[in-house]
Amino acid sequence: MTFTPTDYNPYDFANRRHIGPSPVEMAAMLQAVGVPTLDALIDETIPASIRQDKPLGWAPLSEHELLARMREVAAKNRVMTSLIGQGYYGTVTPPAIQRNILENPAWYTAYTPYQPEIAQGRLEALLNYQTMVCDLTGLPVANASLLDEATAAAEAMAMAERVAKSKARAFFVDEHCHPQTIEVIRTRARPLGIEIITGDPETMEATAVFGAIFQYPGTWGHVRDLTPWIEALHAAKAVAVVATDLLALMMLKAPGEMGADIAVGSAQRFGVPMGYGGPHAAFMSCRDDLKRNMPGRIVGVSIDARGNKAYRLSLQTREQHIRREKATSNVCTAQALLAVMASMYAVFHGPKGLRAISERVHSYTVRLAKALRDAGASLPPKAFFDTITVNVGVGQAGILAAARAEGLNFRKVGHDHVGISLDETTNEDVLARVLRAFGIHAAPPAEAELGFPAEMLRSSEVLTHPVFHMNRAESEMMRYMRRLSDRDLALDRAMIPLGSCTMKLNAAAEMMPITWPEFGSLHPFVPVDQAAGYAEAISDLSQKLCEITGYDAFSMQPNSGAQGEYAGLLTIQAYHRAQGQGHRDICLIPVSAHGTNPASAQMAGMKVVVVKSSPNGDVDVEDFRARAAEAGENLAACMITYPSTHGVFEETVREICDITHKYGGQVYIDGANMNAMVGLVKPGEIGGDVSHLNLHKTFAIPHGGGGPGMGPIGVRAHLAPHLPAHPEVGGTAGAGLHSANDAGPVSAAPYGSASILLISWAYCLMMGGEGLTQATRVAILNANYIAARLKGAYEVLFMGNRGRVAHECILDTRPFAEAGVTVDDIAKRLIDNGFHAPTMSWPVAGTLMVEPTESETKAEIDRFITALLAIRAEIKAVEAGEIAPEDSPLRHAPHTVEDLVADWTRKYPREQGCFPPGSFRVDKYWPPVGRVDNVFGDRNLVCTCPPVESYA
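Worth saying up front: this structure is predicted, and the values here are computed from it rather than measured. (Residues numbered from 1 in each chain as written. Predicted model: local features only at pLDDT ≥ 70, side-chain atom pairs only at ≥ 80, totals over all residues. Heavy atoms only, no water.)

A. The overall build of the protein chain, seen in detail. Looking only at helices and strands, the protein chain features 29 helices and 25 strands. Against the compact-globule benchmark of 30 Å for 952 residues, the protein chain has a radius of gyration of 28 Å, which places it among compact chains. Projecting the C-alpha coordinates of the protein chain onto the three principal axes gives extents of approximately 85 × 80 × 70 Å. The proportion of buried residues among the 952 residues of the protein chain is 66%. (Helix = DSSP H or I, 4+ residues; strand = E, 2+ residues; numbered from the N terminus. Rg over C-alpha atoms; globule rule 2.2 N^0.38 Å. Buried < 20%, exposed > 50% of the residue type's maximum accessible area, 1.4 Å probe, protein only.)

B. Highlighting the sheet that holds strand E13 (residues 411-413). Spatially, the three strands line up as an open sheet ordered E11-E14-E13, and their pairing is antiparallel. Here the strands that pair on one side only, and so sit at the sheet edges, are strand E11 (387-391) and E13. The mean inter-strand angle of the sheet, taken between neighbouring strand axes irrespective of direction, is 30 degrees. As paired elements, E11 and strand E14 (residues 417-421) share five bridges and run antiparallel to each other. From the neighbouring strand, Thr 387 faces E14, where its bridge partner is Ser 421. Across the sheet, helix H12 (residues 336-374) is in contact with E11 and E14; its angle to E11 comes to roughly 15 degrees. (Pairing = 2+ DSSP bridges. Axes fitted to C-alpha atoms, helices over the stretch in contact; angles between N-to-C directions. Contact = heavy atoms within 4.5 Å.)

C. View of the packing of aromatic side chains. In total, this model carries 16 aromatic pairs according to the counting rule given. For the ring pair Phe 410 and Phe 438, a centre distance of 5.8 Å and an interplane angle of 25 degrees mean the geometry is stacked. Pair noted here: Phe 410 is in the loop between strand E12 (408-409) and E13 and Phe 438 is in the loop between helix H14 (428-437) and helix H15 (474-486), with a separation of 28 residues, a long-range link. Just as Phe 410 is buried, Phe 438 falls in that class too. Note on Tyr 794 and Phe 816: the rings are 5.9 Å apart at their centroids and 75 degrees apart in plane angle, and the pair reads as edge-to-face. (Phe/Tyr/Trp six-rings, centres within 6.5 Å; stacked < 30°, edge-to-face > 60°.)

D. Focus on the pattern of salt bridges. Following the criterion strictly, the structure yields 47 salt bridges and no others. Across the pair Glu 406 and Arg 436 runs a salt bridge whose closest N-O atoms are separated by 2.9 Å. Residue Glu 406 is found in the loop between helix H13 (396-405) and E12, and its partner Arg 436 is found in helix H14; the two are separated by 30 residues along the sequence. Overall, the relative accessible area of 33% leaves Arg 436 in the partly exposed class. Here the salt bridges share partners, and the residues they tie into one network are Arg 69, Lys 76 and Glu 536. (Salt bridge = Lys/Arg side-chain N within 4 Å of Asp/Glu carboxyl O.)

E. How the structure looks around the confidence of the model for the protein chain. The share of residues in the protein chain with pLDDT of 70 or more is 96%, and the mean pLDDT across the chain is 94. Note on residues 731-737: pLDDT under 50 across the span, and 15 contacts to partners over four residues away in sequence or across chains. (pLDDT = per-residue confidence, 0-100.)

F. Examining helix H3 (residues 38-45) more closely. Among all positions in H3, only Leu 38, Ala 40, Leu 41, Ile 42 and Thr 45 are buried. Against the buried residues of H3 lie helix H2 (23-33) and helix H23 (757-789).

G. Layout of the environment of Ala 537. Inspection of the secondary structure puts Ala 537 in helix H18 (residues 532-549). In this structure, Ala 537 is in contact with Leu 758 and Trp 761, ignoring residues within four places of it in sequence.

H. Seen up close, the packing of helix H5 (residues 95-102) against H15. As a packed pair, H5 and H15 sit with axes 10 Å apart at the nearest point and diverge in direction by 20 degrees. With respect to H15, the axis of H5 lies roughly parallel. As H5 runs across H15, the sense of the crossing is right-handed. Residues Ala 96, Ile 97, Asn 100 and Ile 101 of H5 lie in contact with H15, whose contacting residues are Glu 474, Met 478 and Met 481. The class makeup of the residues in the contact of H5 with H15 is five nonpolar, one polar and one charged. (Parallel < 35°, antiparallel > 145°, perpendicular 65-115°, else oblique. Left-handed = near helix turned anticlockwise from the far one by under 90°. Nonpolar A, V, L, I, M, F, W, Y, C, P; charged D, E, K, R; others polar.)

I. Here's a closer look at the side chain of Thr 549. Mapped onto the elements of the fold, Thr 549 is located in helix H18. Given a relative accessible area of 1%, Thr 549 falls into the buried group. Ignoring sequence-local partners within four residues, the contact set of Thr 549 consists of Phe 554, Met 674, Lys 682, Pro 683, Gly 684, Glu 685 and Leu 693.

J. Looking closely at the sheet that holds strand E8 (residues 282-286). Taken in spatial order, the seven strands line up as E2-E8-E7-E6-E5-E3-E4 in an open sheet, and their pairing is mixed. A strand with exactly one partner marks an edge of an open sheet, and here the two such strands are strand E2 (141-142) and strand E4 (195-199). Relative to E4, helix H9 (residues 179-192) is tilted by about 160 degrees, and along the sheet it contacts strand E3 (170-174), E4 and strand E5 (211-216).

K. Up close: the nonpolar core. Membership of the largest hydrophobic core comes to 207 residues, with the highest contact counts inside it found for Met 132, Met 344 and Phe 649. If near-sequence neighbours (up to four positions away) are discounted, Met 344 is found in contact with Ile 97, Ile 101, Ala 125, Met 477, Tyr 480, Met 481 and Leu 484. Among the nonpolar cores identified, the runner-up in size contains 42 residues, and Ala 152, Ile 182, Met 294 and Cys 943 belong to it. (Core = buried A, V, L, I, M, F, W, Y, C linked by side-chain atoms within 4.5 Å.)

L. Main features of the side chain of Asp 899. If you trace the backbone, Asp 899 turns up in helix H27 (residues 897-901). Under the relative-accessibility criterion, Asp 899 is labelled buried at 5%. A polar atom in the side chain of Asp 899 sits 2.7 Å from the side chain of Arg 306. A polar side-chain atom of Asp 899 sits 3.0 Å from the main-chain amide nitrogen of Thr 896. Every residue in contact with Asp 899, bar those within four places of it in the chain, is listed here: Arg 306, Pro 894, Trp 904, Arg 906 and Arg 910. (Polar contact = N/O pair within 3.5 Å; in protein donor to acceptor, adjacent residues only side chain to side chain.)

M. Main features of the environment of Thr 187. Looking at the element boundaries, Thr 187 is found in helix H9. Along the chain, Thr 187 and Arg 436 lie 249 residues apart, while their C-alpha atoms are 41 Å from each other.

N. Highlighting the pairing of strand E18 (residues 635-641). The element E18 is extensively covered by neighbouring structure, given that seven of its seven residues are classed as buried. Relative to E18, strand E16 (residues 586-590) is paired through three bridges, and the arrangement is parallel. Across the sheet, residue Ile 586 finds its bridge partner in E18, namely Leu 635. The sheet contact formed by E18 and strand E19 (residues 666-671) spans five bridges and is parallel. Bridged to Cys 638 within E19 is Val 667. Read from E18 through helix H22 (residues 653-662) to E19, the crossover connection turns out right-handed. (Right-handed = clockwise from strand over helix to strand, strands pointing away.)

O. Examining the pairing of strand E17 (residues 607-611) more closely. Bridging between E16 and E17 involves five bridges; their strand directions are parallel. Bridge pairing in E17 links Ile 586 to Lys 607. In this fold, E16 hands off to helix H20 (residues 596-603), which returns the chain to E17; that crossover is right-handed.

P. Region of interest: unusual backbone geometry. Backbone torsion omega between Gly 278 and Pro 279 reads 10 degrees, so that peptide bond is classified as cis. Looking at the element boundaries, Pro 279 is found in the loop between strand E7 (262-266) and E8. The backbone phi angle of Gln 86 is positive, close to 60 degrees, even though this residue is not glycine. Residues other than glycine seldom take positive phi values, yet Leu 463 does so here, at roughly 50 degrees. For Leu 463, the location among the structural elements is in the loop between H14 and H15. Look at Leu 463 and you get buried, because its relative accessible area is 0%.

Q. Quick look at helix H10 (residues 227-235). For H10, the complete set of buried residues consists of Thr 227, Trp 229, Ile 230 and Leu 233. One side of H10 carries all its buried residues, which in axial view fall inside an arc of 165 degrees. For H10, the exposed residues set more than 90 degrees away from the buried face come down to Glu 231 and Ala 235. Contacts made by the buried residues of H10 are with E5 and strand E6 (239-245). (Arc of directions from axis to C-beta.)

R. Layout of the environment of Val 653. Here Val 653 is to be found in helix H22. Val 653 sits in the buried class, given a relative accessible area of 2%. Considering only alpha carbons, one finds Val 653 and Gly 90, 563 residues apart in sequence, at a separation of 49 Å.

S. Highlighting the state of the cysteines. Going through the model one piece at a time under the given rule, you end up with zero disulfides. There is no disulfide at Cys 546, and the cysteine sulfur nearest it, in Cys 764, is 12 Å away. (Disulfide = S-S within 2.5 Å.)

Here it is as structure tokens:
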């Protein structure tokens, strides 16, 4: 008999694993949309004039081939014991936290907790983080993380300028701050017109500055009491910022006890691997009266509809989504997943464990210092915690080489010193190797005393809340982490159909390499020959992103999408300065733009001019032309999103780019919607000069409950010399450190959160060029399928000229307000169906923006459609007067188990309220709280763990 082998390829990652609908399901969906083929749909959706002519050119790898390739590349990194310090330290990630948080999709696939009812678990973990930071820094309010220590310091400077009573325009930076922090502060200050004065605090003139930042302990190890300088600042009505270290604060006097107004730093050494620079959670805490000026997210405590305690994000009216160019910051992505890890590390060890780790690190440092001094070495820091600097004179190169021969990296300081920072991973063997590098073969002294004055020893209690005093048996910790994750709705349970946020599959094979020691254990400032694997990965990813976007060069430094916007605008400004046109400062931004766009432009020192939208949602080209002509030779840039924020490929994009270029401006294309373009349209070929890419959207890095993110920027060749520089790599284009012609560093590490770039690289390698293009096509199909199926029930607000949407669609729920049904009611009712709500009220108030992504199967999309149609039927009952809006299941949503078992007095059946169409019965998701009272939470702001009595 003849045998016909199957043509099914089980190792085709793109079509079997990443893309949800099967070919049979796609055929049924195309029929519902009313087109014969996927090609025909794309032709109706994307204008022919902007389509790319060459397909993306690389072949895919299977999952097992990818992991073999990753092993090969990882082996090219050389893992040594890095004692470089400078804000990055070896740490021990407890395996229970690695497995149950970092490697657990229940934690890493969740979205930012804007819908608090389905985010109570991660909100509690972030509240623990805030409590930990408040306790250790001695200040009453903390946020739920920033991007890294250097950007947190820059944010603190901007915050100090807003709140200081001093009229001075200068900011003092302690020369003991980490070099990367100083340079990121300089970058932030320049467009804001702030003068930076660096020096020893002894030389500071408090009356000449609106604020100052001190490093505690200092970058070379010095521990100093900052009280006198802080008092001088306060006498001059200026603000004191302290950059500090959480492990040191287990032993050292808290910044708040010295009078600090703001404290910042990194939580990296609380169990988060160095990862060649990130991601790590940065912290910020402040005095209570400054909290409304603090950037970032603040988790607070409120109540739900039954009066039960419930967590939520507080004071959201401060955020860039709402305040736009008047926002305190453009911070959008936090580092939630890493903040959760750091908070769990504190819960895991408790105050006794953290104090023991802190004392052990300090003891090793004191013993090392004594051994070196006994051998005749000169150590400038008289008082220190974990870092010493040794004067080695002309022997610096020899000492550094001897250290490398021992498998150690020391820090090169100037031409005649080396720095050594010990950490949690230091043991007797490391100590002996350090001494051998100095030619000392005697055993280090056994006894250890205090390496700083006794009056600097911490006396105040920390981490007194019961959560930090749990039974630390692993069984208890595992159950605590499981309980919290069970309260949340993440991508491992259900579709998260958020417009503009692209919650797609984060495949296990893409995630696995980031926890390998060859990638996780590298310090970001190791000699380049120790990071050859990272160099290969970053270079190949850059080349692929250039091919995808049509740009000529990429900077991988920005570690969030908002930071990518900021970096892109700074690059444009540096280009204008280099052309002798530094006066250009006007940025045209459509009214529909994402809130971070105007906030970023304001941070970059630009004047925002808002451009109108046409009735169909497109940019009003005639208004754009008029605004560009008015700006004339002062036009710096325009910022547009493509496809547009309302989910349509506008036909006029080339015209808008041409108008901008005619007046000498540069075109910034926001890459938020790149998921509708990969393989089909290249922003660099349709007129864009610079774009950021949200790797945590289009390129499969998971959102992690609100971060990590990466926002690298691609530029045309003329902008490449002006990309962000970095003090540790000598500037971008070899022009030396931070010249006037580059953007300056925007984050603490040269490649931002380098370890998660591996996820996007793995995604590109497994998808292949053809797979990436197919993903885009299916994302567009899925969105158009939803629009077609909901036709008649909901109006789709904006469509292209041929009646198609891009990868997302906006459902108009505003007409229901006449019957008393709000967009909030629909969003909360979707929770009962087991779904996260789509993006609410943006870009149009009172609407829902839906983005299914390519990863959702037809079955899950159909379940979502069933839920929305059932909700529409409930709205019709209200419109018909069959039930009042306040009595309907819409207003009482979401329904909890407590509602189910309580006496049922409502005017609709229990079954309808608790088990609506589309919800699972066996695997039903029950929100842990009812609808959260936002107003109560802002009026009664509590942003640390509430006392244990309130849990009763």
